[in-house]
Amino acid sequence: MSSELIDARGLLCPMPIVRLARVAKTSGVGSELVLLSDDPAAATDVPAWCRLRGQEFISATTWDGSGGPAMAFTVRIATQVLNAP
Amino acid sequence: MSSLDSDPDRSNSRRESRRSGGYLDAASGTWLNPAAEQAWLAALEQGWADPRRAYHQGRHAALLLDAAREEIAAGFGASAGQVEFTTSGTAALAAAVERFAPNLPADSTVVTSAVEHSAVPRALDRWSGPIRTVGVDRLGRIDPAEFAASLGSRPGLAVLQHVNQEVGTVQPIEQVASLIGPCPLLVDAGASVGRVELPEGWAVMTASAAKWGGPLGIGVVVDRHHRASTGSAGDEWLGRANVPAAVAAAAGLSWIMQRRELFAAGHRKLIAELREQLPVLISDVEVVGDPLNCAPHILNFSCLYVDGEALVQGLDRRGIAVSSGSACAGVSGEPSHVLAAMGVLTHGNIRVSLPFDDCAPEVTQLLQELPGLVRQLRADLP
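All of the points below concern the structure found in this document.

Focus: the packing of aromatic side chains
Residues and elements named next belong to chain B.
- Within this structure, the stated rule accounts for four aromatic pairs over all chains.
- Considering the side-chain rings of Y23 and W31, the 6.3 Å spacing of their centres and the 55° angle between planes classify their relative orientation as tilted.
- Connected via pairs of aromatic rings, a cluster forms that spans W255, F263 and F356.
- Positioned above the aromatic ring of F356 is the side chain of R195, whose terminal nitrogen or guanidinium carbon lies 3.8 Å from the ring centre.
- In this structure, R224 packs its charged tip against the face of W202, placed 3.9 Å from the ring centre.

Side note on helix α8 (residues 243-281) of chain B
- Here α8(B) contains 39 residues, and its C-alpha end-to-end distance of 49 Å is more than 12% below the 57 Å for a straight helix at 1.5 Å per residue.
- Taking the largest bend as the criterion, α8(B) deviates by roughly 55°, centred on B:R259.

Describing helix α1 (residues 15-25) of chain A
Residue and element names in this part refer to chain A.
- Taken across its eleven residues, α1 has eight buried, putting it largely inside the fold.
- Within the span of α1, buried status applies to M15, P16, I17, V18, L20, A21, V23 and A24.
- Structurally, α1 contributes buried residues whose contacts are with β1 (3-7), β2 (32-37) and α2 (42-53).

A short note on the pairing of strand β5 (residues 185-188) of chain B
Residue and element names in this part refer to chain B.
- Here β5 shows a buried face lined by L185 and V187 and a second buried face lined by L186 and D188.
- In this fold, strand β4 (residues 155-161) hands off to helix α7 (residues 173-180), which returns the chain to β5; that crossover is right-handed.
- In terms of strand pairing, β5 meets strand β6 (residues 204-208) through three bridges, oriented parallel. The residue of β6 that forms the bridge with L186 is V204.

A word on unusual backbone geometry
- Put simply, A:C13 and A:P14 share a cis peptide bond, and its omega is 5°.
- Note on placement: A:P14 falls in the loop between β1 and α1.
- One non-glycine residue, B:Y305, lies in the positive phi region at around 65°.
- Relative to the assigned elements, B:Y305 resides in the loop between β9 (298-303) and α9 (308-317).

With respect to the sheet that holds strand β8 (residues 285-288) of chain B
Residues and elements named next belong to chain B.
- Strand order in the open sheet formed by three strands is β8-β9-β10, with antiparallel pairing between adjacent strands. Among the strands making up the open sheet, the edge pair consists of β8 and β10 (349-353). Averaged over all adjacent pairs, the angle separating strand axes in this sheet is 25°, with direction ignored.
- Both β9 and β10 contribute to a ladder of five bridges, which runs antiparallel. Across the sheet, the residue bridging to I298 is S353, located in β10.

Procedures and definitions
Residues numbered from 1 in each chain as written. Chains lettered and ligands numbered in written order. Predicted model: local features only at pLDDT ≥ 70, side-chain atom pairs only at ≥ 80, totals over all residues. Heavy atoms only, no water. Phe/Tyr/Trp six-rings, centres within 6.5 Å; stacked < 30°, edge-to-face > 60°. Lys NZ or Arg CZ within 6 Å of the ring centre and 35° of its normal. Helix = DSSP H or I, 4+ residues; strand = E, 2+ residues; numbered from the N terminus. Expected span 1.5 Å × (residues − 1). Bend = angle between axes of the 7 residues up to and from the residue. Buried < 20%, exposed > 50% of the residue type's maximum accessible area, 1.4 Å probe, protein only. Contact = heavy atoms within 4.5 Å. Right-handed = clockwise from strand over helix to strand, strands pointing away. Pairing = 2+ DSSP bridges. Axes fitted to C-alpha atoms, helices over the stretch in contact; angles between N-to-C directions.

Following this line, the structure appears as structure tokens:
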């Protein structure tokens, strides 16, 4: 299954999580999302959001693709997201 | 609680002005309690001289300092010779570590937790041997067995807070003490003095007078293994002893020790009300910290999809002062290391910590103002 990339670099908390939630709401169960963020809060907040929202946190890795340094957080949609800000 | 104040008129007018300020950030510091204030003013007149001098003004200052040391020792269940004054809680932790460092083999292990006050890692900068930092669970609790085992074969020193200053979780000090055997246990009681009963089992305890309603600029190290008399003339100060502040710290400590349970009972009810009502009134709120084994005056929670700094500023405009562990609200740009270690949401974070007062009006006001503020901030998201 392909992963959707959400580039939230340059955004500070809570915006990376807001972007993640908005995309998650339009994504089907089983799809994978990859959030790129250089916000130091994301390392804690992405797994915490997954726990609060019943989603599956897959990994946090260093992003070595284009567009500058970041962390890449992979999340699998485990249950349909009904509410997003 | 005005009947408990030694000077009701004065403290009532003071309280009115503070209540209108809606101050709910006691863990960052509180005002001088009435006993501390009176003692300080008296000591400025009677204890201004250098206690190291042999003339009568100096001897008088030395007597006041001795009495303050005695009074503080009583509050910690120690003797006067075991109390050392420092210039802050941070300096107290550094001084406590210094007491052990020279007397231990260079390769002995220090164990501490991931949720200590930032002064602890700074104090441990002076330690040459290995330092192991034990993580916490989602409620902010260390595992005592893991903590003790981390000392390994060359135990040097265990450093653990009693109450967490951000989330209020109480660590199992006595259980840790029984598991680590002869290894000395240094307990940071900065957030617990005057709030909860102090534990047993420690070798050295540190605290800061400003957190118990005493003056700024006074920390204490209580070393129960210390037999000789600490310089009664205030030798621990690099220059002249700050006798008035020490006297005020001691009077403030006695004042709060006599009222601790009364304040704690009132605060527990208010914190329980917040804990129950916040998730009802506001959607997507995570209340963090140990709900059972916790300090009576602290509640920490995070509101999903909200900016912590905007919360602090929005509440300030509505007359309520709180702090936040969110990255955007701090000076470092990093989220609270305590929240990160617990693995809980760091954005939209608020810490409420109740000052030594009847805080019911502030708590009611917070419950009235916060839901609308959170709704507005969520609606205004870009």
